[in-house]
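# What the coordinates show
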Amino acid sequence: MRGLAAATTHPESGALDVTANDLYGEGRWPEVFARLRRDDPVHFCPTSFYGPYWSVTRHADIAHVEALPQLFSSSWTHGGITILHNDPDIQLPMFIAMDRPEHTAMRRTVSPAFSPSALTDHAAAIRARTAALLDSLPVDEPFDWVDRVSTELTTQMLATLFDFPWEDRRLLATWANWAGDFRAAVSPALRRKRQRVLQQMVDYFGRLWMERRDKGLAPDLLSRMIHSDAMSNLRPQEFCGNLMLLVIGGTDTTRNSMTGLVVALEQFPENRALLEADHGLVVNAVSELIRWQTPLSHMRRTATEDTEIGGKLIRKDDKVVLWYNSANRDEAVFTDADRFDVTRANARRHLAFGFGIHRCVGARLAELQLYILLEEMLNREMRVTPLHEPMRIPSPFANGYRKQMVTITRS
Ligand code: HEM
């Protein structure tokens, strides 16, 4: 099936197409991007399942592109923020895929929910939920960490932020999974299923929207969006698009980092001993985890004029893909970059949250959830042992895990 084959070299031009799902499903992408950074860091691929595109692979070049949002547009009207062009059947505009000035007003509405003081208010509840969940896990009995821990904690968090009906919270994870699923682009059956699931989301949020609108302003994020100047007059599709952004942002990425923690500690066990000996390393360990995992492999921009990146001529309307996974392994910035090292001095320089005006608005909340998870595991002297290789998501966008069977032991 097209788009699902291994990484391919274009027969005539020699161009490298890095979009094959297997490259990510099999975890082989680091070697391919190392080659691009070395041989052709701003690389044009003339044909691919997703059409022609540029791969920008170096840390410095990606920061350069993100610092020029007028020249490199995020707008959904140009096709959006992923290598997969907007699906014409599901137009859900969201502010991550808008340029100034629309982007600014909507981001301002949402960002107070993630301010340091808002997070201080959340911290005790996150700790209580995390502690209760860890204490409920079976000891010496196999279970899926993705389902029991990563998905559960992140859906609980988002349900709290939205004041979403608690008993339905797993719907948030289902919607996030389908929203970010690129396989739907290659299979008509999956595409129909995805449309049905996303329509269910639109209907569900539509009902909540009416309820919250009639109830008047409440402290939850959904209510604040509904009653804000920037968002109260949005069309239902736009409102749902922005909610979908928070659903994907709030669950998928943090969830994959929580599983990445288990995978990284298994592959680089010397870090376990370091963390057990010094819990003060937790903050740096979380930055390093997010660098090493890079839960979103890329974001995409579209050039609005002819310009240059790294000496290459980029034409107006060209698709420019910013490979964060590659930037975070760039040897010009990170020594021995494939290693997970909780003592890495410059781990915070990672680009996993992006850079510039669209830099992740939920970054601090994601970090807080991860600090607390790691601290509570260390407080319990909990060791998590994977029972096999993780089942990875075969996608050039979400870099994460479908399943990771583990057992836990306590010393
Ligand atoms: C934007 C990554 C967690 C909400 C982004 C972007 C990235 C990203 C790469 C785009 C940046 C750019 O274009 O420059 C991540 C990662 C996370 C995470 C790696 C976890 C480890 C969260 C959480 C939330 C969230 C927990 C909310 C609950 C958003 C929103 C935007 C965004 C609303 C759009 C910002 C804008 O366009 O101004 N995130 N994210 N993210 N993220 Fe996150």
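Residues numbered from 1 in each chain as written. Predicted model: local features only at pLDDT ≥ 70, side-chain atom pairs only at ≥ 80, totals over all residues. Heavy atoms only, no water.

Per an unreviewed UniProt entry, the protein carries the name Cytochrome P450 and comes from Sphingosinicella microcystinivorans.

Let's shift gears to the overall build of the protein. Scanning the protein from terminus to terminus reveals 14 helices and 14 strands. Relative to the compact-globule value of 22 Å for 411 residues, the protein shows a C-alpha radius of gyration of 21 Å, a close match. Counting only C-alpha atoms, the protein reaches 55 × 55 × 40 Å along its principal axes. Residue pairs at least 24 apart in sequence account for 69% of intrachain contacts in the protein once pairs closer than 6 positions are excluded. With an accessible surface of roughly 17100 Å², the protein has 53% of that area assigned to carbon and sulfur atoms. With 48 positive and 51 negative side-chain charges, the protein shows a separation of 2 Å between the mean positions of the two kinds. (Helix = DSSP H or I, 4+ residues; strand = E, 2+ residues; numbered from the N terminus. Rg over C-alpha atoms; globule rule 2.2 N^0.38 Å. Contact = heavy atoms within 4.5 Å. Areas by Shrake-Rupley, 256 points an atom, 1.4 Å probe, with all protein chains shown as cover. Lys, Arg positive; Asp, Glu negative; His and termini not counted. Charge placed at Lys NZ, Arg CZ, Asp CG, Glu CD.)

Another aspect to go through is helix H6 (residues 145-162). For H6, with 18 residues, the first-to-last C-alpha span of 25 Å sits near the 26 Å given by 1.5 Å per residue. In H6, a bend of some 30 degrees at Thr151 exceeds every other bend along the element. For H6, the tally of buried residues reaches 15 of 18 residues, placing the bulk of the element in the interior. The N-terminus of H6 is capped by Asp144, whose side-chain oxygen sits 3.1 Å from the backbone nitrogen of Val146. Just downstream of H6 lies Asp163, where phi reads positive at about 50 degrees. (Expected span 1.5 Å × (residues − 1). Bend = angle between axes of the 7 residues up to and from the residue. Buried < 20%, exposed > 50% of the residue type's maximum accessible area, 1.4 Å probe, protein only. Polar contact = N/O pair within 3.5 Å; in protein donor to acceptor, adjacent residues only side chain to side chain.)

Next up on the list: the pattern of salt bridges. Close approach of charged atoms allows side chains with opposite charge to pair. Per the stated rule, a full pass over the model turns up 27 salt bridges. Across the pair Glu266 and Arg272 runs a salt bridge whose closest N-O atoms are separated by 3.5 Å. On the basis of relative accessible area, Glu266 is assigned to the partly exposed category, the value being 34%. The residue Arg339 makes a salt bridge to Glu270 at a minimum N-O spacing of 2.7 Å. Of the two residues, Arg339 sits in the loop between helix H13 (324-327) and helix H14 (363-379) while Glu270 sits in helix H11 (residues 270-277), which places them 69 residues apart along the sequence. Where salt bridges share partners, they join Arg127, Asp135, Glu375, Glu376 and Arg380 into one cluster. (Salt bridge = Lys/Arg side-chain N within 4 Å of Asp/Glu carboxyl O.)

With that settled, the discussion passes to the sheet that holds strand E10 (residues 319-323). Paired through backbone hydrogen bonds, the strands of a sheet run either parallel or antiparallel to each other. Overall, mixed pairing links the five strands, which are arranged E3-E4-E10-E7-E5 in an open sheet. At either end of the open sheet lies a strand with only one pairing partner, and these are strand E3 (42-45) and strand E5 (72-73). Of the strand pairs in this sheet, strand E7 (residues 298-303) and E10 are connected by five bridges, and their pairing is antiparallel. Along E10, the bridge assignment pairs Arg300 with Val321. Where helix H3 (residues 59-66) meets the sheet, its contacts fall on E3, strand E4 (53-56), E5, E7 and E10, and the angle it forms with E10 comes to roughly 130 degrees. (Pairing = 2+ DSSP bridges. Axes fitted to C-alpha atoms, helices over the stretch in contact; angles between N-to-C directions.)

Attention shifts here to the coordination of the iron atom of the ligand. Ideal values for angles at a metal depend on the geometry: 109.5 degrees with four tetrahedral donors, 90 or 180 degrees with six octahedral donors. Protein coordination of the iron atom of the ligand rests on one atom only, Cys360 (SG), at 2.3 Å. Position of Cys360 relative to the elements: it lies in the loop between H13 and H14. (Donors = N, O, S within 2.8 Å, 3.2 Å for Na, K, Ca; no water.)

All right, on to unusual backbone geometry then. Phi is mostly negative for residues that are not glycine, and the peptide bonds are mostly trans. Across the junction of Arg100 and Pro101, the peptide omega takes the value 0 degrees, indicating a cis bond. Look at Asp317: it is not a glycine, yet its phi comes out positive at around 75 degrees. Although it is not a glycine, Glu381 sits at a positive phi angle of roughly 50 degrees. By secondary structure assignment, the location of Glu381 is in the loop between H14 and strand E11 (382-386).

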